Amino acid sequence: MDAALQTFFDESHELLTEMESGLLQCERNHCSADTINSIFRAAHTIKGSSGLFGLDAIVAFVHVVETALDRVRIGKVAMEPEFAVLLLNCKDHIDALVAAAANGHCGSHPLLDARSTELSMLLQARAGSVKQAGASNKNMAADARSLEIVDTDSDVAATSCWHISARFKPDVIRGGMDPLSFIRYLTTFGEIRGILVVADAMPDVASFDPETCYTGFELAYHSAVDSQRIRAAFEFVADDCTLVVLPPHSPVIDYLRAMPESSHDPERAADILVQCGSLTPSEAKRAFQDIAGNAHDTVSKATITDAALVQAESDKRASATERSVRVDASKLDHLINLVGELIIAAAGANLGARRIKSVELQESTSRLSELVESVRDSALQLRMVKIGATFNRFQRVVNDLSRELGKDITLLVSGEDTELDKTVVEKIADPLTHLVRNAIDHGIEPAATRASAGKPATGSIRLNAFHDSGNIVIEVSDDGGGLKRERILAKAVERGLIEPGKTLSDNEVYALIFEPGFSTAEQVTNLSGRGVGMDVVKRNITALRGDVEIRSAEGKGTTVSVRLPLTLAIINGFQVGVGKSVFVVPLDMVDECIEFTAEPGHDYANVRGQALPFVRLRDLFGVQGPSGSRENIVIVRHGGIKAGLVVDALFGECQTVIKPLAKMFNQVKCISGSSILGNGEVALILDVALLMQKVLSRSARVA
């Protein structure tokens, strides 16, 4: 039960995210029938699942929300932006109720109960009176009869209508579902010309259970839609309902055969069809005579087809469920750690095989290395997730903050299918949140200012992600006023960060905003202006072996680019040697290797007519000992820029398990981590981004 309950909490989180996404569309007047159905489906599923675990507080509140949404579905209430905002608040409260249940607070909670009452009253004021969950079958039948908005005309041929037979399972109400809501929904795309509540299973008063469904429905339904659309109305309850849909102009006998009562009481079945208006008395009599004369006749092709389609849909849902399985993240982390140790062990075996010069053993270890590499790729793929879920989280952030600041802002998302390691996604969420909030508060100007500058009144913030050289690049862009270069310089001089009159490039100027406590805001707001945050963003991104860059044009907007590794665990590397030290360069950043041929005293090489700046790793890290007889240049690429690393030896490709450095090495520059070699020695992993910065800054000083 505990495992099932945890699954409920996980699924509720996913459903609430889906619900929020739909409500945000409605809040922006982009609401469609499919969107409303999606929101309703999420609420309905949460209510039903909550009922299974006895979470009455969730069931009671979500029932009110679901009923309000049902009134929207049938056109009784318009989904206006203000109503969508109210429903967003309700979604947040459902989230709080689920979180309370997850923390063990399944009973009454004064603050949550008060909020439930408050929101329920607001919903009822907006959407009309709402019945509480667990309404009796008697009330359900009375409500159903009130749907007879068109009197049945006995002169109308029954074959001009669809006939719908819906029999719900006894536990459908106990599971938190309202059978009548599905009947109501039919009126949104058709006309119920006759309806009869079949209550033959109703027990006596002493045996009556208010949470058991004893009723079924028989309907004469007029609509221009097809049977698939009608069945879709019952999609949410397909597993808890026996549904038969007969098309117009079906043989009269098929109506009687579709009735559950026809097998034991065909006369009663015929009477029900007359009362709901699907058959005239003469047609019902003829059908009764036909079925009585051939009691063992097979069910019509239409009925068989309908049952087969329902079963096929059920099988399809079951098959989709069977293809996926939930795995605890800690188990995946443990698997990745074991794969890392396996890689180190395989490298040691391969090294030993080469040392003893055994051909057979070398072939075996080579095959082992290939298999380990496949296992590594498969294990890492298990932890890869699309960044779209993180991006969509900011729809609500932009919606709420723009409303708070009185700005009209749209969030545009692209590259949401780009994948990266789950651990990176979790750790990048907070830095991205600050960047988005900063763009809303400081980037996008008020509508009047935008209008005077000839811009649209609605500002836009864009989130984009793409892969580049073994990294993922996430861009946060806005079309606002851009960074004011001179103001940043003046503030930096005022704080003593730079000397007056010093010439800086645009990148160097914009990088100043990442200094602790740096802010050019003229006033402090609830969101920003205290100079706290951007330095934390930089520090958190650097801790992920990433870097951040800013591009801006005053009056046009700003783009912040965050570059991160795809995974924090295992990478493909390229080993190089300097003296007796071994370094690892991320293989995705390696362009090519060439022989070192630079002029003495120069810090650049001529590569096919192009000047290539380089850095000597021996000088950079103070490696002692004589250099090799032949030096090489490893050409690396980062962010579209090339530079060279001068090394003594090239050892080739390798699988590299990344081990973090101890805190005492935090101040070591240009090193992002370490790895254990097959012989047990330690190799340092180069931070190519910082190396490139050193090379480029030195080239700029020389120029």
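Above this text you will find the structure in question.
All values reported here derive from a predicted model rather than from experimental measurement.

A few words now on the pairing of strand S3 (residues 216-222). When you tally the buried positions in S3, you get six out of seven residues, the bulk of the element. Taken together, the seven bridges between strand S2 (residues 191-198) and S3 define a ladder with antiparallel strand orientation. By the bridge assignment, glutamate 191 is partnered in S3 with histidine 222.

On to the packing of aromatic side chains. For the structure shown, the criterion picks out 12 aromatic pairs. An angle of 85° between the planes, with centres 6.1 Å apart, marks the rings of phenylalanine 168 and phenylalanine 217 as edge-to-face. In this pair, phenylalanine 168 sits in strand S1 (residues 162-168) while phenylalanine 217 sits in strand S3, placing the two residues 49 residues apart along the sequence. Using a relative accessible area of 0% as the deciding quantity, one classes phenylalanine 217 as buried. On the basis of an interplanar angle of 40° and a centroid distance of 5.5 Å, the ring pair of phenylalanine 208 and tyrosine 214 is categorised as tilted. Residue classification places phenylalanine 208 among the partly exposed residues on the basis of a relative accessible area of 30%. The class of tyrosine 214 is buried, set by a relative accessible area of 14%. An aromatic cluster of three or more residues is present, and its members are Phe40, Phe168, Phe182, Phe217, Phe234 and Phe236. The positively charged end of arginine 73 is found above the aromatic ring belonging to phenylalanine 40, 3.9 Å away from the centroid. Between the NZ or CZ atom of arginine 229 and the centre of the ring of phenylalanine 189, over which it lies, the distance is 4.2 Å.

Turning our attention to the sheet that holds strand S4 (residues 241-246). Working definition: the strands of a sheet are paired by backbone hydrogen bonds and lie parallel or antiparallel to each other. Sheet architecture is open: four strands sit in the order S2-S3-S1-S4, paired in antiparallel fashion. Each having just a single partner strand, S2 and S4 make up the two edges of the open sheet. In this sheet, adjacent strand axes meet at a mean angle of 15° when their direction is disregarded. Contacting S1, S2 and S3, helix H7 (residues 179-186) runs over the sheet at an angle of about 5° to S3. Running over the sheet, helix H10 (residues 266-276) touches S1, S2 and S3 and is turned about 145° from S2.

Turning next to the pairing of strand S11 (residues 557-565). Among the nine residues in S11, nine count as buried, and that is most of the element. Alternating positions in S11 separate into two faces, Gly557, Thr559, Ser561, Arg563 and Pro565 on one and Thr558, Val560, Val562 and Leu564 on the other, with burial throughout. Pairing of strand S9 (residues 471-478) with S11, which is carried by eight bridges, proceeds in the antiparallel orientation. Residue isoleucine 472 lies in a different strand from S11, and its bridge partner there is leucine 564. A loop of three residues connects strand S10 (residues 547-553) with S11, the two strands running antiparallel in sequence, and glycine 555 in this loop sits at a positive phi of about 90°.

This part takes up the state of the cysteines. Working definition of a disulfide: a covalent bond connecting the sulfur atoms of two cysteines. Within the structure shown, the criterion is met by one disulfide. Through a disulfide, cysteine 26 is tied to cysteine 31; the S-S separation comes to 2.5 Å. On the S-S bond that ties cysteine 26 to cysteine 31, the torsion sits near 40°, and the link is right-handed. With relative accessibility at 1%, the residue cysteine 26 sits in the buried group.

Let's shift gears to the packing of helix H3 (residues 56-73) against helix H4 (residues 81-102). Between H3 and H4, whose axes approach to 10 Å, the crossing angle comes to 155°. As the angle between them shows, H3 and H4 are arranged roughly antiparallel. Considering only the axes of H3 and H4, their crossing is left-handed. Contacts between H3 and H4 involve Ala57, Ile58, Phe61, Val62, Val65, Ala68, Leu69 and Val72 from the first element and Phe83, Leu87, Cys90, His93, Ile94, Leu97, Val98 and Ala101 from the second. Here the contact of H3 with H4 is built from residues that sort into 15 nonpolar, one polar and no charged.

Cut-offs applied
Residues numbered from 1 in each chain as written. Predicted model: local features only at pLDDT ≥ 70, side-chain atom pairs only at ≥ 80, totals over all residues. Heavy atoms only, no water. Buried < 20%, exposed > 50% of the residue type's maximum accessible area, 1.4 Å probe, protein only. Helix = DSSP H or I, 4+ residues; strand = E, 2+ residues; numbered from the N terminus. Pairing = 2+ DSSP bridges. Phe/Tyr/Trp six-rings, centres within 6.5 Å; stacked < 30°, edge-to-face > 60°. Lys NZ or Arg CZ within 6 Å of the ring centre and 35° of its normal. Axes fitted to C-alpha atoms, helices over the stretch in contact; angles between N-to-C directions. Contact = heavy atoms within 4.5 Å. Disulfide = S-S within 2.5 Å. Parallel < 35°, antiparallel > 145°, perpendicular 65-115°, else oblique. Left-handed = near helix turned anticlockwise from the far one by under 90°. Nonpolar A, V, L, I, M, F, W, Y, C, P; charged D, E, K, R; others polar.

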